[in-house]
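Survey of secondary and tertiary structure
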Amino acid sequence: MATQTEKDLPRGHGYIDHVFLGYRAGLDAGFLPERRISCPMSGDYTPQQVRRARVEGRLLGQVRDLLILRKPCEGETASTGIPNTQFP
């Protein structure tokens, strides 16, 4: 998933954080977070893409995220999405 920063944005929105929305949707569906992996993009932008982004005042996306969610095991709860770790 990547943050949407340019095309088809609702009026008044500078970006849409699809990673955050996906995380929330997973929690709401009863899943637990297992891992978030950052997946850097190559950054092979053409000079024309760089110039256009400068003129339009946009950032060029460089990162995507992979969210790993899992079904809770018996006895676990997905209510908060925060592991219930107790220390001695």
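Everything numeric in this text was worked out from a predicted model, so none of it was measured. Numbers given to residues run from 1 along each chain, matching the order in which its sequence is written. Only residues with pLDDT of at least 70 get local features here, since the model is predicted, and only at 80 or more are side-chain atom pairs given and counted; chain-wide, interface and lining totals rely on the full set of residues. The side-chain figures draw on all heavy atoms in the structure; neither hydrogens nor water molecules are used.

1. Side note on the overall build of the chain
Check the secondary structure of the chain and you find 2 helices and 2 strands. Under the DSSP-based scheme used, a helix requires at least four consecutive residues in state H or I and a strand at least two consecutive residues in state E, with every element numbered from the N terminus. For the chain, the N- to C-terminal ordering of α and β elements is α-β-α-β. For each residue, the accessible area found with a 1.4 Å probe, counting protein chains only, is set against the maximum for its type, and the residue is called buried under 20%, exposed over 50%, and partly exposed in between. Taking all 88 residues of the chain together, the buried fraction comes to 14%. Counting contacts in the chain only where the partners sit at least 6 residues apart, residues at least 24 apart contribute 58% of the total. Only the protein chains shown count as cover for residues, and all accessible areas are computed by the Shrake-Rupley method using a 1.4 Å probe. When the accessible surface of the chain is summed, it comes to about 7400 Å², and 54% of that surface belongs to carbon and sulfur atoms. Any two residues having at least one pair of non-hydrogen atoms within 4.5 Å are treated as being in contact.

2. Focus on the side chain of D65
Tracing the backbone through its elements, the reader meets D65 in strand 2 (residues 63-70). A polar atom in the side chain of D65 sits 3.2 Å from the side chain of R36. Once residues lying within four places of it in the same chain are set aside, the contact partners of D65 are M1, V19, R36, I37 and S38. In protein, a polar contact means a hydrogen-donor-capable atom and an acceptor-capable atom, both N or O and within 3.5 Å, with residues adjacent in sequence counting only if both atoms are side-chain atoms; elsewhere, any N or O pair within 3.5 Å suffices.

3. Quick notes on the confidence of the model for the chain
On average, residues of the chain score 81 in pLDDT, and 85% of them reach the 70 mark or higher. Ranking the elements of the chain by mean pLDDT puts helix 2 (residues 47-56) last with 89 and helix 1 (residues 18-28) first with 91. Per-residue confidence from the predictor is given as pLDDT, running between 0 and 100.

4. Side note on the environment of L66
Relative to the helices and strands, L66 resides in strand 2. Residue classification places L66 among the partly exposed residues on the basis of a relative accessible area of 40%. Along the backbone, L66 and R35 are 31 residues apart, and their C-alpha atoms lie at a distance of 8.1 Å.

5. Quick word on the pattern of salt bridges
The salt bridge criterion pairs a side-chain nitrogen of Lys or Arg with a carboxyl oxygen of Asp or Glu, the two atoms within 4 Å. Scanning all chains against the criterion turns up 4 salt bridges. For D65, the salt bridge identified is with R36, shortest N-O distance 3.2 Å. Of this pair, D65 sits in strand 2 while R36 sits in strand 1 (residues 32-40), and the two are 29 residues apart along the sequence. Judged by its relative accessible area of 14%, D65 is buried. Under the relative-accessibility criterion, R36 is labelled exposed at 54%. Measuring nitrogen to oxygen at the nearest pair gives 2.8 Å for the salt bridge that ties R52 to E56. Residue R52 and its partner E56 are both found in helix 2; the two are separated by 4 residues, about one turn of the helix. According to the relative accessible area criterion, R52 is exposed, its value standing at 52%. The partly exposed category is assigned to E56, whose relative accessible area is 41%.

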